[in-house]
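Examining the three-dimensional arrangement
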Amino acid sequence: MAAVYDDYGPDRVGFFFGLTGPRLAALTLAVIPVFVAVNQQRWILAAELAALAAVVTVLVVVPVRGRSATGWLLASLSFTAGKAFGWTSWRSMAATGKAEALENADLPGVMTGIEVHDGAPKGPAQTRYAIIQDHGLRTWAMTAAIRHPGVGMAEGDRRDQYGRGLTELLDVAARASLISDVVFLVRTVPDDGAERQQWIATHRRPDGPELARRMNDELATALTRAAVRTEAFVTFVVPETRIAKQAREFGGGLEGRTRVLYALADEMSAMLRGGMGMTDVTWLTSPQLALAVRTGFAPADRAGIIDALAAHQTDPVVCTEVPWAMAGPSGADTTMRHYSHDAWNSISSTIKLPDRGACLGALAPVLTPSEPGERRSYTVVFPILPFSRADRQTASGEWAADMGEGLRGRLQIRQRSRDRANVNRAHRLDAKLASGHALTRPYAVACVTVAKTMRVAEFGRRLDASIRRAGFAPLRLDLAQDAGFAAATLPLGLGLTRKADE
């Protein structure tokens, strides 16, 4: 029996019946005028203020699909303003004939600040790995393509071993005090059959039996529609505020940052191949990363690139690379319920962890397509808190849990099972932090991408159904579908919670 991981809780625990400070202040400001009116015996005014306070309480306290009413109101106003001024539509420089430097990334929305550098030469082959710089968030990152035997057929002991390997990886990353996020991204892409077509073109004999040729072609057509390929990536992110000091010791500038990131990549490779059981870890070069980004926006473009790679072996003039200026979509539009990019539509949902916990590999059903031509992907982000901040946050959470428990006892309010579980988790979390473990705030985002000729709303509903069958609760990322797509599909180290200089 594999271990079930349920030792997690809310990021912030409100000290007054679950309410945070700003919410409690808003409720206090709404209720105080009611008591003032009652004290002055102005009953009609008190009734009107009480009704207003009730409305404020509903808007501030009652969540609607994971957000407060005020949060929905602010997001709706921002989206409406963006729609009115044309900020939700984007066209690439290449599509408008204005692209000048092909090595500069031209990506929409939350990816606008991305710039990819070629790192310093490394190894016998003098390989230059891709260094991802996000000017908007002031972060640096590196991405590797990984291969893993999977956990679908693994026994409980093997799953526990992988879980301990992941814990060790996060603890090592936390002790280095440089890495802020470790991101695992998996995509299941419909098989385009490009490699098989090339193999047939090379090995098929012109004098072969006609019946065997026809049967082979029919089998290939049927199997290719049902087959999928799996692509997996891991990315680590380092904020500029953490890497700047060590980069100066290596000479500063891009060269110094590259050497620091290379050292972290070596440590990550050892941990991934060790406890986590990865069979291959290949850090991506800039052309390889551009290809991963391009096929993230347009999954069908991979077949043409595979054909170009085959033709390049006989004709070196054939271009096989994707310039960064053309790695993004030619156009993208953000709507309320989905994200449109080139000839594709995507819907993203974030995944809420269940109270009963989850075992390693529980998200695997989310990756299973429901129909041919559907691309599924999800990302699991492990933000690592610095030790000082984790200690402060853990102490605050433990104090808030004890405070809430004491208030309920004084007011003789029956404590529910969920409240008792939150108090116990707060105490266990403090004990684990004291024993040297890292504190993370993991979250996951799933995404489905289909061609515009297919009904994306129906596939979004199927994605939510798959998430529920896996034992998790989905939350559609309405009004933020572009950010959800970038986090769930593109191996650039993007997340939903990171802020500049965090």
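Structure shown above.
Here we summarise the structure given alongside this text.

With that settled, consider the overall build of the protein. Helix and strand content of the protein: 14 helices and 17 strands. For the protein, whose C-alpha radius of gyration is 26 Å, the value lies close to the compact-globule estimate of 23 Å for 502 residues. Seen through its principal axes, the protein has C-alpha atoms that stretch 100 × 50 × 50 Å. Residue pairs in contact within the protein that sit at least 24 positions apart in sequence constitute 76% of those at least 6 positions apart. Carbon and sulfur atoms provide 58% of the accessible area of the protein, an area that totals close to 26200 Å². Averaging the positions of the 58 positive and the 51 negative side-chain charges in the protein gives two centres separated by 6 Å.

The next thing to look at is the nonpolar core. One recurring pattern in soluble globular proteins is that nonpolar side chains are buried together. In this structure, Met142, Leu169, Val182, Phe184, Phe236 and Trp283 are the most contacted members of the largest nonpolar core, which totals 54 residues. Top element by residues in this core is helix α8 (residues 253-273). It accounts for eight residues. Look past the residues within four positions of Phe184 in its chain and what remains in contact with it is Ile146, Leu166, Leu169, Phe233, Val234, Leu272, Met276, Met278, Tyr378, Thr379, Val380 and Phe382.

Under the definition given, this model contains six aromatic pairs. Both rings, one in Phe236 and one in Trp283, keep their centres 5.7 Å apart while their planes meet at 80 degrees; by these two values the pair is edge-to-face. Of this pair, Phe236 sits in strand β9 (residues 228-239) while Trp283 sits in strand β10 (residues 280-283); the two residues are 47 residues apart in sequence, bridging distant segments of the chain. What makes Trp283 buried here is its relative accessible area of 8%. Ring pairing ties together the aromatic residues Phe297, Tyr339 and Phe485, which thus form one cluster. The positively charged end of Arg462 is found above the aromatic ring belonging to Phe459, 5.0 Å away from the centroid.

This part takes up unusual backbone geometry. The phi angle of most residues is negative, glycine excepted, and most peptide bonds adopt the trans form. One non-glycine residue, Arg138, lies in the positive phi region at around 55 degrees. With respect to the helices and strands, the residue Arg138 is situated in the loop between β6 (127-134) and β7 (139-147). One non-glycine residue, Asp342, lies in positive phi territory at about 50 degrees. Note on placement: Asp342 falls in the loop between β12 (339-341) and β13 (344-352).

Burial along β10 is one-sided: the face carrying Val281 and Trp283 is buried and the face carrying Asp280 and Thr282 is not. Bridge count between β7 and β10: four bridges; the pairing is antiparallel. Bridge pairing links Ile146 to Val281 in β10.

Once their charged atoms are close, side chains differing in charge can pair, the charge on each being opposite to the other. Throughout the structure, instances matching the rule amount to 16 salt bridges. One salt bridge connects Glu231 with Arg229, and the closest N-O pair in it is separated by 3.3 Å. On the basis of relative accessible area, Arg229 is assigned to the buried category, the value being 16%. We note a salt bridge from Arg461 to Glu458, for which the minimum N-O separation is 2.8 Å. Taken together, the residues span about one helical turn, with Arg461 and Glu458 both in helix α13 (residues 456-469) at a distance of three residues. Overall, Arg461 belongs to the partly exposed group, its relative accessible area being 46%.

Moving on, we get to the environment of Thr334. Mapping Thr334 onto the fold places it in strand β11 (residues 331-334). Relative accessible area serves as the criterion here: at 9%, Thr334 is assigned to the buried category. Excluding anything up to four places from it in sequence, Thr334 contacts Phe79, Lys83, Thr88, Tyr339 and Asp482.

Of all the eight residues making up β6, six are buried; the element is thus mostly covered by neighbouring parts of the structure. Across seven bridges, strand β5 (residues 114-122) lies against β6 in antiparallel orientation. Bridge assignment links Pro121 to a residue of β6, and that residue is Arg128. Taking the residues between adjacent antiparallel strands as the criterion, β5 and β6 are bridged by four residues, where Gly123 takes a positive phi near 80 degrees. The pairing of β6 with β7 spans three bridges and is antiparallel. Paired with Asp134 across the strands is Thr139, a residue of β7. Following β6, the chain reverses through four residues before pairing antiparallel with β7; Arg138 in that reversal takes a positive phi of roughly 55 degrees.

Thresholds applied
- Residues numbered from 1 in each chain as written.
- Predicted model: local features only at pLDDT ≥ 70, side-chain atom pairs only at ≥ 80, totals over all residues.
- Heavy atoms only, no water.
- Helix = DSSP H or I, 4+ residues; strand = E, 2+ residues; numbered from the N terminus.
- Rg over C-alpha atoms; globule rule 2.2 N^0.38 Å.
- Contact = heavy atoms within 4.5 Å.
- Areas by Shrake-Rupley, 256 points an atom, 1.4 Å probe, with all protein chains shown as cover.
- Lys, Arg positive; Asp, Glu negative; His and termini not counted.
- Charge placed at Lys NZ, Arg CZ, Asp CG, Glu CD.
- Core = buried A, V, L, I, M, F, W, Y, C linked by side-chain atoms within 4.5 Å.
- Buried < 20%, exposed > 50% of the residue type's maximum accessible area, 1.4 Å probe, protein only.
- Phe/Tyr/Trp six-rings, centres within 6.5 Å; stacked < 30°, edge-to-face > 60°.
- Lys NZ or Arg CZ within 6 Å of the ring centre and 35° of its normal.
- Pairing = 2+ DSSP bridges.
- Salt bridge = Lys/Arg side-chain N within 4 Å of Asp/Glu carboxyl O.

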